[in-house]
Amino acid sequence: MASPIKDDDDTVKTPEDFPPLLSKKFNITDVKQDALKWDKEWEAAIASSTAADVLKEMSRFLDDSCFDPDAMEFFHQDLRRVQDNVAKILRDLFDEGHFDTIWLLLSVAEKKRHINEGLKGACEAPTFWGQDCRALCPEVTVSNLLTQGGKSFVDFLARVLELTESSLQPAFLPNSWWEQASNLPNPWWEETPDVPPRRQISQSTKLMFEVATINRNKFIGHFIMSSVLSIVSDITNRSGGMKGVLHVMENTKGYVARALAQVKTTFRDKPLVRCENCTKTPEEIGQGVRFMVCSVCKTKLNFEIHYCSQSCQKQDWSLHKRTCGKKPVSKGLSGTKGDSLWAFGDSDPSANMIRDFGKKEGRHLTSLRDIGVNPCKGKRTPAAERQAEMLEADRNVDYFLFTASGEAVRFVIDDPGAKMIFRINRGWVMTKSSETGLDAMGEYILKIMSGYPGLSRRIILKQLCEEHGVSTTRKIMALEKKSREHGKSTFIEGWVKDSSSVFGDLAWLGSR
Ligand SMILES: [Zn+2]
Ligand SMILES: [Zn+2]
């Protein structure tokens, strides 16, 4: 794939007109032709390069004469100017709040688009090597920044901001991969057999490393500016995929949006691949292992059963042969396509509870009913304590209500979206971790259950006050008033309706 660089121009290069060395070497598609392909090819190129290779390639047309002390001083100041701008933008955004929540609630496609805008902006920015600077920043790739539901991007911004604000000097973001190029031995410069140096190339690796490091950080600065401005412009214009997110932010209380954004960070974007026999993932085995799929299932059913090795396939055969080529059946290992809850991380306690429960029952669960009540951080009233105990004992129930004669009524929500929001609110109320939640939970219970035989609005409110304090009625009524003003039935139902633009149909939470 690498094509040799032809250079028939004998004039001395100045930093302004370096040919695009790396993008040419890796034969990278023009960004204007196909931005997605461009990005994919760059990611592959970055993954296959060492810092030394990159530095060597980029130093071909440079020598000491380009960089006298005055020039170096200017480069440093120039970088700091960019970083001052970046820090100011980020500080404003973070202080305003909600920025990270908005970002996390965006769809994967939208997040990709903004990061791509950032990369394009950085490639067009006035750095020495234009888009080649990408190769200096292995941490700035779409796939890296999208991990943990996009939390990596927010963490990255926070890290850069912290580093920039910690000093008035130019900030150099640490990166162990890149720093390997800082101490290259001198003979290294002569080991460039494919292109003999036409000019006396400087022995000063250190200086080249410094110049490249400055450009690396300048590229990062411009990347942040362009990506963040792309997001802010969508917010201002309510354009693209931002509309649905803003709708949720404005029509629900911020805390629900924040909680859901948090939940989203633990979601997987795609299912894991696991060996059907030893259950390991390629990452767990390491050493560049290549998984195989059962070819019969693949050709006949277009269904993928993965194995890490032939011996694992052999060991699994007695089991797999029963369905091989006949039915698309897998063991449904945690996090794989066959796991109805694959989007949840392995460490998500609620998802694990449902998974374990499903195993015990020998079937896949069809709802989120096993999200329980967590231990209380403060002291519950005796009535709330009894409620918590009963909920733990019967996890199908979303809330226990009591008739005037003390008979328990099981309140169970069918709609998966409403159930999830109800249980998030219930979690806060029962663990007393937040002042919020009680009103939304109470409003919903009243709406659905007031007309139930043996119950009434008055009876339910009396119970909730006993459990959660005398101000409960006032809190619930305030929310009811607000919901009426917004033309909504209840806060929770309104949320489920509004959020479908962000989360899609929540039914996937329960079923395959
Ligand atoms: Zn295996
Ligand atoms: Zn098969």
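Residues numbered from 1 in each chain as written. Chains lettered and ligands numbered in written order. Predicted model: local features only at pLDDT ≥ 70, side-chain atom pairs only at ≥ 80, totals over all residues. Heavy atoms only, no water.

- You'll find the protein entered in an unreviewed UniProt entry as MYND-type domain-containing protein, with Suillus plorans given as the organism.

Describing the overall build of the protein
Moving on, step 1. Tallying secondary structure elements over the protein gives 22 helices and four strands in all.
Moving on, step 2. Taken over 512 residues, the protein has a buried fraction of 48%.
Moving on, step 3. In the protein, 69% of the contacts between residues at least 6 apart in sequence involve partners at least 24 apart.
Moving on, step 4. Approximately 26,000 Å² of the protein is accessible, and the part contributed by carbon and sulfur atoms is 54%. (Helix = DSSP H or I, 4+ residues; strand = E, 2+ residues; numbered from the N terminus. Buried < 20%, exposed > 50% of the residue type's maximum accessible area, 1.4 Å probe, protein only. Contact = heavy atoms within 4.5 Å. Areas by Shrake-Rupley, 256 points an atom, 1.4 Å probe, with all protein chains shown as cover.)

With respect to the side chain of N175
Moving on, step 1. Summarising the element assignment, N175 is placed in the loop between α8 (151–165) and α9 (176–179).
Moving on, step 2. Look at N175 and you get buried, because its relative accessible area is 11%.
Moving on, step 3. Polar side-chain contacts of N175 include one of 3.3 Å to the side chain of E139.
Moving on, step 4. Of the polar contacts made by the side chain of N175, one reaches the backbone nitrogen of W177; its length is 3.0 Å.
Moving on, step 5. Excluding residues that lie within four positions of it along the chain, N175 makes contacts with P138, E139 and R216. (Polar contact = N/O pair within 3.5 Å; in protein donor to acceptor, adjacent residues only side chain to side chain.)

Focus: the nonpolar core
Moving on, step 1. Judged by nonpolar contacts, the single largest core of 68 residues is most densely connected at I115, W129, L136, F156, W178, F223 and I224.
Moving on, step 2. Considering every element that reaches this core, the biggest residue donor is helix α10 (residues 205–237), with 13 residues. (Core = buried A, V, L, I, M, F, W, Y, C linked by side-chain atoms within 4.5 Å.)

A look at the coordination of the zinc ion (ligand 2)
Moving on, step 1. The coordination sphere of the zinc ion (ligand 2) contains the protein donors C294 (SG), C297 (SG), H320 (NE2) and C324 (SG), at a distance range of 2.0 to 2.4 Å.
Moving on, step 2. What the four donor atoms of the zinc ion (ligand 2) show is an angle range of 102 to 118 degrees at the metal, which sorts the shape as tetrahedral.
Moving on, step 3. In primary-sequence terms, the residues that donate to the zinc ion (ligand 2) follow C-x2-C-x22-H-x3-C. One end of the pair, C297, is in helix α14 (residues 295–301); the other, C324, is in the loop between α15 (310–320) and α16 (349–361), and 27 residues separate them in sequence. (Donors = N, O, S within 2.8 Å, 3.2 Å for Na, K, Ca; no water. Tetrahedral: all angles 85-135°; square planar, octahedral: opposite > 155°, others 65-115°.)

Side note on the coordination of the zinc ion (ligand 1)
Moving on, step 1. The protein atoms donating to the zinc ion (ligand 1) are C275 (SG), C278 (SG), C308 (SG) and C312 (SG), with metal-donor distances spanning 2.3 Å.
Moving on, step 2. Coordination at the zinc ion (ligand 1) is tetrahedral, judged from the four donor atoms that bind it and the angles of 104 to 115 degrees they form at the metal.
Moving on, step 3. Every donor residue of the zinc ion (ligand 1) comes from the same chain, spaced as C-x2-C-x29-C-x3-C. Of this pair, C275 sits in the loop between α12 (254–265) and α13 (282–285) while C312 sits in helix α15; the two residues are 37 residues apart in sequence, bridging distant segments of the chain.
Moving on, step 4. Given the relative accessible area of 7%, C312 is considered buried.

Some remarks on unusual backbone geometry
Moving on, step 1. Phi is positive for N27, which is not a glycine, with a value near 60 degrees.
Moving on, step 2. In this structure, N27 sits in the loop between α1 (21–25) and α2 (35–47).
Moving on, step 3. With a phi close to 65 degrees, T279 is a non-glycine residue in the positive phi region.
Moving on, step 4. With respect to the secondary-structure elements, T279 resides in the loop between α12 and α13.

Describing the packing of helix α4 (residues 69–96) against α8
Moving on, step 1. One way to put it is that α4 packs onto α8 with a least axis distance of 9 Å and a crossing angle of 120 degrees. As far as their axial angle goes, α8 and α4 are oblique. The handedness of the crossing between α4 and α8 comes out as left-handed. Every residue of α8 that contacts α4 at R80, Q83, A87, L90, R91 and F94 is listed here: V154, L157, A158, L161, T164 and E165.
Moving on, step 2. Of the residues assigned to the contact of α4 with α8, the class counts are seven nonpolar, two polar and three charged. (Axes fitted to C-alpha atoms, helices over the stretch in contact; angles between N-to-C directions. Parallel < 35°, antiparallel > 145°, perpendicular 65-115°, else oblique. Left-handed = near helix turned anticlockwise from the far one by under 90°. Nonpolar A, V, L, I, M, F, W, Y, C, P; charged D, E, K, R; others polar.)

Digging into the packing of aromatic side chains
Moving on, step 1. Taken as a whole and assessed by the stated rule, the structure comprises 11 aromatic pairs.
Moving on, step 2. Ring plane angle 90 degrees and centroid distance 5.3 Å describe the contact between F75 and F128, whose orientation is recorded as edge-to-face. Of this pair, F75 sits in helix α4 while F128 sits in the loop between α6 (108–124) and α7 (142–145), placing them 53 residues apart in sequence.
Moving on, step 3. What makes F75 buried here is its relative accessible area of 15%.
Moving on, step 4. Measuring from ring centre to ring centre gives 6.0 Å for F422 and Y444, while their planes differ by 50 degrees; the resulting arrangement is tilted. Of this pair, F422 sits in helix α18 (residues 416–431) while Y444 sits in helix α19 (residues 438–449), and the two are 22 residues apart along the sequence.
Moving on, step 5. Judged by relative accessible area, which is 7%, Y444 ranks as buried.
Moving on, step 6. Above the face of the W38 ring, R134 is positioned so that its terminal group lies 4.9 Å from the ring centre.
Moving on, step 7. Looking at R386, its charged tip hangs above the ring of F402, at a distance of 4.0 Å from the centre. (Phe/Tyr/Trp six-rings, centres within 6.5 Å; stacked < 30°, edge-to-face > 60°. Lys NZ or Arg CZ within 6 Å of the ring centre and 35° of its normal.)

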